[in-house]
Amino acid sequence: MQKKDLNNKTILVTGGAGFIGSNLIKRLFKDTKGSTIINIDNLNDYYDVRLKEYRLKELETLNCQLSTVNYQFIKGDLADKALIDGLFEKYHFDIVVNLAAQAGVRYSIENPDAYIQSNMIGFYNILEACRHSMSDVRSKKEDVNAQPSDISPQTYKGVQHLVYASSSSVYGGNKKVPFSTDDRVDNPVSLYAATKKSNELFAHCYSKLYNIPSTGLRFFTVYGPAGRPDMAYFGFTNKLLKGDTIQIYNYGNCRRDFTYVDDIVEGIVRVMAKAPEKKTGEDGLPIPPYAVYNIGGGQPENLLDFVNILQEELVRAGVLPKDYDFEAHKQLVPMQPGDVPTTYADATALERDFGFTPRITLREGLRHFAEWYKEYYG
């Protein structure tokens, strides 16, 4: 691993109006100095755009308060190859963190096109831009009289580290737990999972062919304040507040390895600063500077226990009244297509290489969410 100082770097964060992306940028505002941070997001309407605009407003406010970095938001789509190439040619990114993706397991059954455009074509465009990140070199190649000495050595560096979001969904119906990055993941049970596994294969290929250091992160059920409304904890809260019935899948016999967003961000920042080392094999060709890690709490929670903690914290925060009849608003239902009964991270590799394991408990995390929900929705 090669440790990199994140100060004075030019960093691209894709999906920076999203849940994880916006929290990562907040952290970079606080922890780095002299950096240029470019945030690109298409602000699609998969869920309420007002929540994305709220996150962007928080970023603008925090950036004005701290003024430690150069920050710019760009509304754009990763599938727009000309836009992506133009950004790389203009900014010469040192580090790229690709968090933009069409999320959601069930939605991938309803609208597969969105997943191919964002998760496949969009990621391909990022990889190609990383490959060609020495834009001055490309322009010089068009000049038959150009000599390598005509190009500043700085332009040869290109992207020093590509960090990208994968997902625990790649483990599919694996029976062995906890899930390890050493496990085979050849049996996805949703298109979303298949696109994320494809991202890992693409990244490995580009790391091998073009010596691009890349690290994939398999996130496990990320939650927290201002999170995604399609996630269970957020959706359950919305329904309970309206007096609707919440459906608990697999009759409550699901277990999820919930990971609080601050733990996810801590993991990303540590990984950003330590790229896989470039090495040459016996054949004289690059050994792929490539790695994949799980980021999960390593303590899967039963879904019924999760619901009980959530309802207690919603009452505590004043989102729901103390006399709310939860039992009247619960329904146990079968497993849904694309879902898996258990997610459970083996994060020993993350602990070994970065000295970090997620530590925030489910109750602490849901308490932060409930308090935020009360403040945001009044």
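Below is a summary of the structure that appears in this document. Everything numeric in this text was worked out from a predicted model, so none of it was measured.

### Examining a nonpolar patch on the surface
Here comes step 1: Judged by side-chain polarity, Tyr251, Leu304 and Leu332 come together as a nonpolar surface patch covering roughly 270 Å² of accessible area.
Here comes step 2: Mapped onto the elements, Tyr251 comes out in the loop between β9 (246-248) and β10 (255-256).
Here comes step 3: Owing to a relative accessible area of 45%, Tyr251 belongs among the partly exposed residues under this scheme.

### Some words on the side chain of Thr195
Here comes step 1: Within the element layout of this structure, Thr195 appears in helix α7 (residues 191-210).
Here comes step 2: On the accessibility criterion, Thr195 (1% relative accessible area) is buried.
Here comes step 3: Side-chain polar atoms of Thr195 contact the backbone oxygen of Tyr192, separated by 2.6 Å.
Here comes step 4: In contact with Thr195, not counting residues within four places along its chain, are Tyr115, Asn119 and Met120.

### Considering the pairing of strand β5 (residues 95-98)
Here comes step 1: Where burial is concerned, the two faces of β5 agree: the one with Ile95 and Val97 and the one with Val96 and Asn98 are both buried.
Here comes step 2: With 4 bridges joining them, β5 and strand β6 (residues 161-167) adopt parallel strand pairing. The partner of Val97 across the bridge, within β6, is Val163.

### Focus: the sheet that holds strand β7 (residues 214-219)
Here comes step 1: Strand order in the open sheet formed by 7 strands is β4-β3-β2-β5-β6-β7-β15, and the pairing between neighbours is parallel. Of all strands in the sheet, those bounded by a partner on one side alone are β4 (70-75) and β15 (290-295). Taken pair by pair, the neighbouring strands of this sheet meet at an average axis angle of 15°, ignoring direction.
Here comes step 2: Strand contacts of helix α1 (residues 19-31): β2 (10-14), β3 (36-41), β4, β5 and β7, with the helix running at about 160° to β2, the strand carrying the most contacts.
Here comes step 3: Those strands touched by helix α9 (residues 261-272) are β2, β5, β6, β7 and β15, and its axis lies near 170° from that of β7.

### Remarks on α9
Here comes step 1: For α9, which comprises 12 residues, the first-to-last C-alpha distance of 16 Å matches the rise-based estimate of 16 Å (1.5 Å per residue) to within 8%.
Here comes step 2: In terms of burial, α9 is largely enclosed, as 10 of its 12 residues are buried.
Here comes step 3: Among the residues of α9, Val261, Asp263, Ile264, Val265, Glu266, Gly267, Ile268, Val269, Val271 and Met272 are the ones counted as buried.

### Notes on the pattern of salt bridges
Here comes step 1: Inspection of the entire model under this criterion finds 18 salt bridges.
Here comes step 2: Put simply, Arg27 and Asp31 hold a salt bridge, and the shortest N to O gap is 2.4 Å. Pair noted here: Arg27 and Asp31 are both in helix α1, with a separation of 4 residues, about one helical turn.
Here comes step 3: Between Asp48 and Arg50 there is a salt bridge whose closest N-O contact spans 3.0 Å.
Here comes step 4: The exposure class assigned to Asp48 is partly exposed, which follows from its relative accessible area of 34%.

What counts and what doesn't
- Residues numbered from 1 in each chain as written.
- Predicted model: local features only at pLDDT ≥ 70, side-chain atom pairs only at ≥ 80, totals over all residues.
- Heavy atoms only, no water.
- Patch = residues over 30% accessible without salt bridge, like charges linked within 9 Å, V, L, I, M, F, W, Y side chains within 5 Å.
- Areas by Shrake-Rupley, 256 points an atom, 1.4 Å probe, with all protein chains shown as cover.
- Salt bridge = Lys/Arg side-chain N within 4 Å of Asp/Glu carboxyl O.
- Helix = DSSP H or I, 4+ residues; strand = E, 2+ residues; numbered from the N terminus.
- Buried < 20%, exposed > 50% of the residue type's maximum accessible area, 1.4 Å probe, protein only.
- Polar contact = N/O pair within 3.5 Å; in protein donor to acceptor, adjacent residues only side chain to side chain.
- Contact = heavy atoms within 4.5 Å.
- Pairing = 2+ DSSP bridges.
- Axes fitted to C-alpha atoms, helices over the stretch in contact; angles between N-to-C directions.
- Expected span 1.5 Å × (residues − 1).

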